[in-house]
Amino acid sequence: FKSLLRIVIRKIIASCKIIWEGHVRMRSSLNIFYLLKPFLFIGFIIFVAVKHPVAYYLSACLIGLGNGHLYPAFLNMFINVARHNQRGTANSSILTGWDLGFGIGCLLGGVVAEHFGYNGTFWMVAIENAASVLLFFAASKQFFEKRRRE
């Protein structure tokens, strides 16, 4: 456990260095979205569809990789859409949305789990992930491209 913790801490520090040095730009935020959002979808599908211990750990890695990299990319996108004097507002907006998403997700997940079981809940999450990708391409990407500031 301690060696895994050391690896995670090193990776976090390395990621922060890359961001602090200015290597992460808006185009790379979109590329991160394109590359890693499917990891979440595939991770949830593997978790639900494949009943094997290796699949369980693989899905955890894919879901963690997707969430761990998508949040900084979304934060970067939110902040770069705002003017320089509105960056605090953009930061608090994404954090509020993130917290609301977790809260509503837990609430809906509990209701779905009660009626359809955990298997149905994770299928619902996989479908919601696919819907979020479609929503991003249909509306959010154009909004971001029109208003971004590099």
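In what follows, the accompanying structure is described.

So, how was this worked out
- Numbers given for residues are sequential positions, taken from 1 along each chain in its written order.
- Local features are withheld for residues below a pLDDT of 70 in this predicted model, meaning they are given only at 70 or higher, and side-chain atom pairs are given and counted only at 80 or more; totals for whole chains, interfaces and linings count all residues.
- The side-chain values count all of the structure's non-hydrogen atoms but skip hydrogen atoms and water molecules.
- Helix and strand definitions follow DSSP, with helices as H or I runs of at least four residues and strands as E runs of at least two, each counted in order from the N terminus.
- Buried residues are those whose accessible area, probed at 1.4 Å on protein chains only, stays under 20% of the maximum for their type, while exposed residues exceed 50% and partly exposed ones sit between those limits.
- Any pair of Phe, Tyr and Trp rings, taking the six-membered ring for Trp, is counted once the centres come within 6.5 Å. Such a pair is stacked with planes under 30 degrees apart, edge-to-face with planes over 60 apart, and tilted for the rest.
- Multiplying 1.5 Å by the residue count of a helix minus one yields the expected span of that helix.

### A word on the side chain of T121
Point 1. Checked against the element boundaries, T121 lands in helix α4 (residues 87-147).
Point 2. With relative accessibility at 9%, the residue T121 sits in the buried group.

### Observations regarding the packing of aromatic side chains
Point 1. Here the structure, examined in full by the defined rule, presents 5 aromatic pairs.
Point 2. Their ring planes at 65° and their centres at 4.5 Å tell us that F47 and F122 sit as a pair that is edge-to-face. In this pair, F47 sits in helix α2 (residues 26-49) while F122 sits in helix α4, placing the two residues 75 residues apart along the sequence.
Point 3. Here F47 falls in the partly exposed class, since its relative accessible area comes to 26%.
Point 4. Taking relative accessible area as the criterion, F122 reaches 25% and is therefore assigned partly exposed.
Point 5. Cluster of aromatic residues (ring-pair linked, three or more members): F44, F47, Y56, Y57 and F122.

### Details of α4
What sets the pattern is the α-helix's 3.6 residues per turn: residues three or four places apart point alike.
Point 1. Between the first and last C-alpha of α4 there are merely 14 Å, a value that for 61 residues lags more than 12% behind the 90 Å anticipated at 1.5 Å per step.
Point 2. By the burial criterion, the buried members of α4 are A90, I94, G109, V112, A113, T121, M124, A126, N129, F136 and F144.

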